[in-house]
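The lines below spell out each chain.
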Amino acid sequence: MAALQSSFTSLSISSNSFLGQPFSPLPFCPPLVKSTQSPGSIVAKLKRWERKKCKPNSLPVLHKMHVKLGDTVKVISGHDKGKIGEITEIITHNSKVVVSEINLKTKHVKSRSEDEPGQIIKIEAPIHSSNVMLYSKEQKVASRVGHKTLDNGKRVRYLIKTGEIIDSAENWKRAVKEKEKTTEAVAAAS
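Residues numbered from 1 in each chain as written. Predicted model: local features only at pLDDT ≥ 70, side-chain atom pairs only at ≥ 80, totals over all residues. Heavy atoms only, no water.

The chain carries the name KOW domain-containing protein in an unreviewed UniProt entry, which gives Anisodus acutangulus as its organism. The Sequence similarities (unreviewed entry) comment attached to the chain in UniProt states, word for word, "Belongs to the universal ribosomal protein uL24 family." (UniProt positions renumbered as here; feature names shortened; annotations may be inferred.)

Student: Please provide a residue-by-residue account of the overall build of the chain, values included.
Tutor: From N to C terminus, the chain includes 2 helices and 14 strands. For the chain, the share of sequence-separated contacts (at least 6 apart) that also reach a separation of at least 24 residues comes to 38%. In the form shown here, the chain has an accessible surface area of approximately 14600 Å², with 56% of it arising from carbon and sulfur atoms. (Helix = DSSP H or I, 4+ residues; strand = E, 2+ residues; numbered from the N terminus. Contact = heavy atoms within 4.5 Å. Areas by Shrake-Rupley, 256 points an atom, 1.4 Å probe, with all protein chains shown as cover.)

Student: Describe unusual backbone geometry, naming the residues involved and giving the relevant values.
Tutor: Of note in the backbone geometry, Ser95 takes a positive phi value of approximately 60° without being a glycine. With respect to the secondary-structure elements, Ser95 resides in the loop between strand 6 (84-91) and strand 7 (96-99). Here Ser95 falls in the buried class, since its relative accessible area comes to 11%. Of note in this structure, Glu101 is not a glycine but carries a positive phi near 60°. Structurally, Glu101 can be placed in the loop between strand 7 and strand 8 (104-109). Residue class for Glu101 comes out exposed when judged on its relative accessible area of 56%. (Buried < 20%, exposed > 50% of the residue type's maximum accessible area, 1.4 Å probe, protein only.)

Student: So, the UniProt feature "domain: KOW" (unreviewed entry) in the chain: which residues are in play, and what are the values?
Tutor: The positions UniProt marks with the feature "domain: KOW" (unreviewed entry) are residues 66-93. Segment residues 66-93 splits into 0% helix and 43% strand. End C-alpha atoms: 14 Å apart.

Student: Got a sec to walk through the environment of Ser95? Specific residues and values, please.
Tutor: Each C-alpha atom, one on Ser95 and one on Lys64, is 8.0 Å from the other, the two residues being 31 residues apart in sequence. Residue contacts for Ser95: discarding those within four places in its chain leaves His63, Met65, Ile127, His128 and Ser129.

Student: So what's going on with the nonpolar core? Which residues, and what values?
Tutor: Judged by nonpolar contacts, the single largest core of 14 residues is most densely connected at Val67, Val73, Val97, Val99, Ile127, Val132 and Leu134. For this core, the secondary structure elements donating two or more residues are strand 5 (72-75), strand 7 and strand 11 (132-136). Residues within four places of Val97 in sequence aside, it is in contact with Met65, Val67, Ile87, Glu89, Ile90, Ala125, Pro126, Ile127, Ser129 and Val132. (Core = buried A, V, L, I, M, F, W, Y, C linked by side-chain atoms within 4.5 Å.)

Put into structure tokens, the structure is as follows:
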């Protein structure tokens, strides 16, 4: 409808008369096709092939995951199915995790200087968090995670099959210290 009205204005015909008779434009009609995007959804540009959903205030939507840094997990699907490892890194925007010694990929590194040769190294690639399951080392069983509140009011995660509590302050501090040590070692090496 708006296109029709704009075409009349581009023809420079007055809206008061059309060939001697009064002309009244049609009332505005809403479009018959509704837009598929919601008005509050903003999409930030992450990479050309990957879009990151954002909230209306332009902050990224972070996905809640059932695993945390330092958890022992078992891979339940993929070519590394059945392997057990510890989570070393979490990527929240696409719900992926990096597990130690799991999903190793070959990377060809070019030489930086003439006296240093190029090399082929193995790196740990991220896998989706839905492909891992929390694992109990004591009872050697993989289980889903549950949440419960303790007597002191603290909310913790536990394994549903065994009842073993996963979250503890000591485990979290140990995982953070190990990550700091590895980043310092990498910085010292380069």
